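A structural walkthrough
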Amino acid sequence: MFLSYVKFFFCKTFIFPRVDTTPGFCGMSCLPPPGKFHAFYWSIKDYGQAGLCREDLWFTTCCLRSNKVNLLDGGLSALTREVVALFDRFKSGVLLTFLSGREFLFGSVSVLVGDEGALKSMYAVKGASGTIPCIFCWNVVQARSTLADHDETGHLQPHTCTDLSKIKCRSDADFANAALLLTTEKARRNKKEFETLEQSLGINFCSEGVLFSPSCHLKPISHTMYDWLHVYLVNGVFQAHFGLVMPHLAEAGFGHVALVAFLKTFTGPKFQSSNMKAAIQTFEKSKSKEAWKPSASEALCMYPLLRIAVMEKRGRMNDGVAHSFLLLCGVLDLLVSIGKDGKVDHSRLGDLIVRHLEAYIAAFGGDEFFPKCHYSIHLPELFRKHGTLISCWTHERKHKQLKMWANNLANAGAWFEESVLREVTQTCFNALSSFSPLSVVLINPQPCKKHLKDTVLEVWGTMDVVSSSGANVNGLTVYSGDVVLLELDGSDCVAEVVLHLQLPNGTVYSIITPWHGLGNNMFKAGDGSRFAETKKLVLP
């Protein structure tokens, strides 16, 4: 089972003649102010990538306002320990009743995913702001601390180190021993000495927390996964890297105005058209790298376009700057492919990430290398160990369900969390009634048009076929007119989608028009159309 923790702001909206902006005061009524909302979601690994990208297959285990979390002895770490304990019952089996009968469900928590801030709070570690910034590493310290520079043994390494052979990883036993040491030394040392010990271990003393509870089955090394979405796309590596590339692009002829005009010449897939438009508008409004703060979805839409811009001007740019950014885009390609259930080798991902980081340092220096750059080094091993990389894209959409109910409850009494949890669970169950385990599902299928029936009869020997202009393919929506990638006759092919068809046995095919390559990333639309299995279509 997968467990995800998120923290977000929920905001109550009221209609009043006048709204006072004083915290804790809205209009003329004293109401609970907007605040932070903590939520834990869980899902089942066996759903596969197609299921895990659906927010309706992530179930809400717990939701709690921050003021209540702060009342707990141990705070969020103590809450995490209690949430994990809820899953202990799955080890002996939970009896579920279905229309078809009764079945036992067995399982255990295998992965905890979250951004760095969430993991920091759940495990009560120092995190990115500490001397030891990474939960997985023992000997990696912040470069600004200069500890590695003064370590004559060579054991300590700055967080800018990209040589994996020099990085020593922690174990679950290391954390258990560190927690035991802190517990033992708590009464022996004065405050300053104890804080120094906490700093050297990278752990905060939290007697009720996860690390200090031997009975807790959640282990920091065995179960933790960094969220690649936050590492790269939420104030992450991508935004920082392109911010450094922008001045070089401007010098090469793509200043802000020219680059915006260039970006507006592109058309994206229909289901991403609104995100792409919003992303370009966000970029257009920003006049500097500091002002450009795209959302994760906007950044995801922008990076392929910005890659083309860099490729267009590479001959006039510093080659190291251009090369490092193109390597970053290659890393994002592989991470996105994992999310689409594509075949990605973990060693290839690891090699590309290290090459990118080395090129990044060579182009811009170690001062621009922040902790999220280091976190990316661990993604290939996490991918190898767990067989997938879970990102928080789905959970960002899941937030909307909780916010919908939280914002509509004006009287946030003691029953608030219970009511929100009940409503969001019912919303989830209602949505599951339309869930299909198939990797390809047609959207609003209709009987096949008469002019296609003869062709369908000739090819498949049946006329009992339905068609649709849209299909959900492994979590993505592909519409007629979208340009896709696929393997055709043993080679990669670019094609335009014409229509989707579903046979009586459930197999879905697409009518496509292959495009002919002209070189330099240019293509020409072909004349003839043919059939291809829809499950093989990939949006670029």
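Residues numbered from 1 in each chain as written. Predicted model: local features only at pLDDT ≥ 70, side-chain atom pairs only at ≥ 80, totals over all residues. Heavy atoms only, no water.

**Regarding unusual backbone geometry**
Despite not being glycine, Ala124 shows a phi value in the positive range, around 60 degrees. Topologically, Ala124 is positioned in the loop between α4 (116-123) and β7 (140-141). Even without being glycine, Asp489 reaches a positive phi, approximately 55 degrees. One can find Asp489 in the loop between β15 (483-488) and β16 (491-502). The class of Asp489 is exposed, set by a relative accessible area of 66%. (Helix = DSSP H or I, 4+ residues; strand = E, 2+ residues; numbered from the N terminus. Buried < 20%, exposed > 50% of the residue type's maximum accessible area, 1.4 Å probe, protein only.)

**So, the packing of helix α10 (residues 273-285) against helix α11 (residues 296-313)**
Relative orientation of the contacting elements α10 and α11 amounts to 85 degrees, with a least axis distance of 8 Å. By the angle between their directions, the pair α10 and α11 is classed as roughly perpendicular. On α11, the residues that touch Asn275, Met276, Ala278, Ala279, Ile280, Thr282 and Phe283 of α10 are Ser297, Glu298, Cys301, Met302 and Leu305. Tallied by class, the residues present in the contact of α10 with α11 amount to 8 nonpolar, 3 polar and 1 charged. (Axes fitted to C-alpha atoms, helices over the stretch in contact; angles between N-to-C directions. Parallel < 35°, antiparallel > 145°, perpendicular 65-115°, else oblique. Contact = heavy atoms within 4.5 Å. Nonpolar A, V, L, I, M, F, W, Y, C, P; charged D, E, K, R; others polar.)

**A closer look at the packing of aromatic side chains**
What the rule picks out here adds up to 20 aromatic pairs. With centroids separated by 6.0 Å and ring planes inclined at 80 degrees, the aromatic side chains of Phe37 and Phe416 adopt a geometry described as edge-to-face. With Phe37 in strand β2 (residues 35-43) and Phe416 in helix α17 (residues 416-432), the pair connects residues that are 379 residues apart, well separated along the chain. Across the pair, Phe416 and Phe37 agree in class, each one buried. (Phe/Tyr/Trp six-rings, centres within 6.5 Å; stacked < 30°, edge-to-face > 60°.)

**What to know about the side chain of Glu298**
With respect to the helices and strands, the residue Glu298 is situated in helix α11. No salt bridge forms around the buried Glu298; measuring N to O, its nearest opposite-charge neighbour Lys285 is 8.8 Å away. Excluding residues within four positions of it along the chain, Glu298 makes contact with Asn275, Ala278, Ala279 and Thr282. (Lys, Arg positive; Asp, Glu negative; His and termini not counted. Salt bridge = Lys/Arg side-chain N within 4 Å of Asp/Glu carboxyl O.)

**Structural notes on the confidence of the model for the protein chain**
Of the residues in the protein chain, 92% reach a pLDDT of 70 or more, and the chain-wide mean stands at 86. Taken together, the stretch residues 8-34 has pLDDT below 50 and engages in 48 contacts with residues farther than four places along the chain or on a different chain. (pLDDT = per-residue confidence, 0-100.)

**Observations regarding the sheet that holds strand β13 (residues 470-473)**
Picture the strands of a sheet paired through backbone hydrogen bonds; they go either parallel or antiparallel. Across the sheet, which stays open at both edges, the 3 strands sit in the order β10-β13-β14 with antiparallel pairing between neighbours. Across the chains shown, the open sheet's two edge strands, defined by having one partner strand only, are β10 (440-442) and β14 (476-479). In this sheet, neighbouring strand axes are inclined to one another by 25 degrees on average, regardless of whether the strands run parallel or antiparallel. Relative to β13, β10 runs antiparallel, the two sharing 3 bridges. (Pairing = 2+ DSSP bridges.)

**Some points on the nonpolar core**
Formed by 126 residues in total, the largest nonpolar core has its most connected members in Tyr226, Tyr232, Leu233, Phe238, Phe242, Leu259 and Leu389. Looking at this core, the element that brings in the most residues is helix α12 (residues 319-339), giving 13 residues. Not counting residues within four places of it along the chain, the set of residues in contact with Phe242 comprises Leu249, Leu259, Phe283, Trp292, Leu306 and Phe325. The next biggest cluster of nonpolar side chains, apart from the first, holds 16 residues, and it includes Val440, Leu442, Val473 and Val484. (Core = buried A, V, L, I, M, F, W, Y, C linked by side-chain atoms within 4.5 Å.)

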